[in-house]
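Structural description and commentary
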Amino acid sequence: MNAAIENDTLTKLVALCKRRGFIFQSSEIYGGINGFWDYGPLGVAMRRAVEQAWWRYMVEQRDNVEGLDSTIICHPRVWKASGHLDKFSDLMVDCMDCKKRFREDQLATPGECPACGSKRLTEPREFNLMMKTFVGPVFDDEHVAWLRAETCQPIFVDFDQVRVAARQKLPFGIAQVGKAFRNEINPRFFTFRSREFVQMEMEFFCRDDESMTWYEYWREERWKFYTEVLRLPADRLQLHPHDKLAHYAKAAVDIEFAFPFGWGELEGIHHRGTWDMQRHSEFCGEPQTYFDQERNEHYLPTVVETSCGLDRICLALLCNAYDEDTAPTKKEGMDEDTRVVLHLPAAVAPVQVAVLPLSRKLEEPSEALYRDLKRSLRADYDVTGNIGKRYRRQDEIGTPFCVTVDFETANDQAVTVRDRDAMTQERIGLGQLKAYLLERLL
Ligand code: GAP
């Protein structure tokens, strides 16, 4: 990917996200901190909805996947065993002229090489991506701990606890959603490469001779999640098999999305063999084996992993949803006006329905309707500005339905429901409204 071809859509989206409070720089009043992003009221509503959709799809709707919420800081040996402390690093070079730092493997990429044009670079040096902290009152080497760089390691470590507690037999999976931290050298493309981000990972423990069948199963399931649950168009998604595999892995593939700046990874589906379980067995001194009663043998489970980034998925949804089209207007001398609209799927839209009284005189029944809808949906209420302006405000944040209460409502016990995408308006009886919306929102 290349900064130079980062196009207009992303720039506009970043501005919209800040203006409407989806996502903005962390600690902005101090000038921001590179690679850290805050989610405002709309952003957090959307991110939670995506997380919830993942959790329902991966955990709640299945009998063979259990949930876990582990700590961010684990015993430092976990990261020794996982290889992160020794190998989780990038080779970096410094430009002696502009003093900027670059990843050596990306120096050939336009936009990643020194913009100053200099060829005077230092020898490559290793930079570990783990974030360091101290646990306890003394800040010395003995008290060093690490913020987790991936959410999956505690899953491996807790495998037996979860298996026993949940009375599970192989094959089964453990899923976790949570923060991960990486000291990325070049955070970029908005939230795409951040230093603090949320991962949603599932480790599926199975017999080795069944592992490729499970790998294929999970690859299909994950594709379905993006296309059927999140409704991302299949032509903006691709499967990208890894060219080089780790020595222990039988297969690995990424699911990529066509971002405005190029194809970018949303998720990795990895066959991890018995590597992690083997390493933790060695480092903790207890074999992390499973006793298979049917086969009457102990063995290390083989692991198939599905690992995605929640922030990247939200960014993909926003990029896919962003659009500028025309809508009818009452502005003087104009029939149509440009509108900015987010065509977000209703299941993840931060506001699912907005109640808009046509006049302030209609506030009482409108507010009552809003309160009622809010019990089952993410609802908003807006009385300020003319109705056209209010529609535009809702379009811009992706609200799929606007409900207008007018002077007829008291007589016909009905409201007008406007559809964000089709821009059609339908008269719906108050008694049917909730069912009408729920049917279209899920
Ligand atoms: N346990 C395997 C693992 O962590 P990864 O490919 O390093 O694999 C998995 O990360 C996912 O986490 C990626 O596909 C991406 O969606 C997300 N991710 C990784 N680094 C990220 C970063 N710096 N910023 C945002 N998301 C990131």
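First, a word on what this report is: a plain description of the structure on this page. (Residues numbered from 1 in each chain as written. Predicted model: local features only at pLDDT ≥ 70, side-chain atom pairs only at ≥ 80, totals over all residues. Heavy atoms only, no water.)

Points about the sheet that holds strand β21 (residues 401-405)
Sheets are built from strands that pair by backbone hydrogen bonding, the pairs being arranged parallel or antiparallel. Strand order across the open sheet formed by five strands is β20-β19-β21-β22-β23, with mixed pairing between neighbours. Taken across any chain shown, the strands that pair with only one partner, and hence form the sheet edges, are β20 (379-381) and β23 (425-429). In this sheet, neighbouring strand axes are inclined to one another by 25 degrees on average, regardless of whether the strands run parallel or antiparallel. Relative to β23, strand β22 (residues 414-419) runs antiparallel, the two sharing five bridges. Within the sheet, the bridge partner assigned to Ala414 lies in β23 and is Gly429. Across the sheet, helix α10 (residues 363-374) touches β19 (353-357), β20, β21 and β22, and the angle it forms with β20 is around 165 degrees. (Pairing = 2+ DSSP bridges. Helix = DSSP H or I, 4+ residues; strand = E, 2+ residues; numbered from the N terminus. Axes fitted to C-alpha atoms, helices over the stretch in contact; angles between N-to-C directions. Contact = heavy atoms within 4.5 Å.)

Some remarks on the packing of helix α2 (residues 41-60) against helix α9 (residues 310-321)
Between α2 and α9, the least distance of the axes is 10 Å, while the angle of their chain directions is 110 degrees. Our classification of the angle between α2 and α9 gives roughly perpendicular. Regarding α2 and α9, the two cross each other, and that crossing is right-handed. In this structure, α2 contributes Met46, Arg47, Val50 and Glu51 to the contact, and α9 contributes Leu310, Asp311, Ile313, Cys314, Leu317 and Leu318. (Parallel < 35°, antiparallel > 145°, perpendicular 65-115°, else oblique. Left-handed = near helix turned anticlockwise from the far one by under 90°.)

Let's talk about the state of the cysteines
Inspection of the entire model under this criterion finds zero disulfides. With no disulfide partner, Cys113 has as its closest neighbouring cysteine sulfur the one in Cys116, 9.4 Å distant. Cys113 sits in the partly exposed class, given a relative accessible area of 32%. Cys308 forms no disulfide, and the closest cysteine sulfur to it belongs to Cys314, at a distance of 10 Å. (Disulfide = S-S within 2.5 Å. Buried < 20%, exposed > 50% of the residue type's maximum accessible area, 1.4 Å probe, protein only.)

Quick look at the site of the ligand
In the region of the ligand, 20 residues are neighbours, and Glu150, Arg182, Ser194, Glu201 and Glu265 sit closest. Between the ligand and Ser194 there is a distance of 2.8 Å, counted from a nitrogen atom to a backbone nitrogen or oxygen. Gln199 places a side-chain nitrogen or oxygen 3.0 Å from an oxygen atom of the ligand. If the ligand stood free it would expose 560 Å²; the protein chains cover 90% of that surface. Mapped by element, the contributors of at least two residues to the shell around the ligand are β10 (196-206), β13 (262-273) and β16 (302-309). (Near = heavy atom within 4 Å. Polar contact = N/O pair within 3.5 Å; in protein donor to acceptor, adjacent residues only side chain to side chain. Areas by Shrake-Rupley, 256 points an atom, 1.4 Å probe, with all protein chains shown as cover.)

Thoughts on the packing of aromatic side chains
Tallied over the entire structure, the rule returns 22 aromatic pairs. Considering the side-chain rings of Tyr57 and Phe225, the 5.4 Å spacing of their centres and the 45 degrees angle between planes classify their relative orientation as tilted. Here Tyr57, found in helix α2, pairs with Phe225, found in helix α7 (residues 211-229); they are 168 residues apart in sequence, far enough to count as distant. The same class applies to Tyr57 and to Phe225, which are both buried. Look at Phe189 and Phe261: their rings are 3.9 Å apart centre to centre, the planes differ by 5 degrees, and that puts the pair in the stacked class. One end of the pair, Phe189, is in the loop between β9 (172-181) and β10; the other, Phe261, is in the loop between β12 (252-259) and β13, and 72 residues separate them in sequence. Of the two residues examined, Phe189 and Phe261, each falls in the buried class. An aromatic cluster of three or more residues is present, and its members are Phe189, Phe192, Phe257, Phe259 and Phe261. Of note, Arg47 hangs over the ring of Tyr39, and the distance from its end group to the ring centre comes to 3.9 Å. Positioned above the aromatic ring of Tyr436, the side-chain terminus of Arg440 is 3.7 Å from the ring centre. (Phe/Tyr/Trp six-rings, centres within 6.5 Å; stacked < 30°, edge-to-face > 60°. Lys NZ or Arg CZ within 6 Å of the ring centre and 35° of its normal.)

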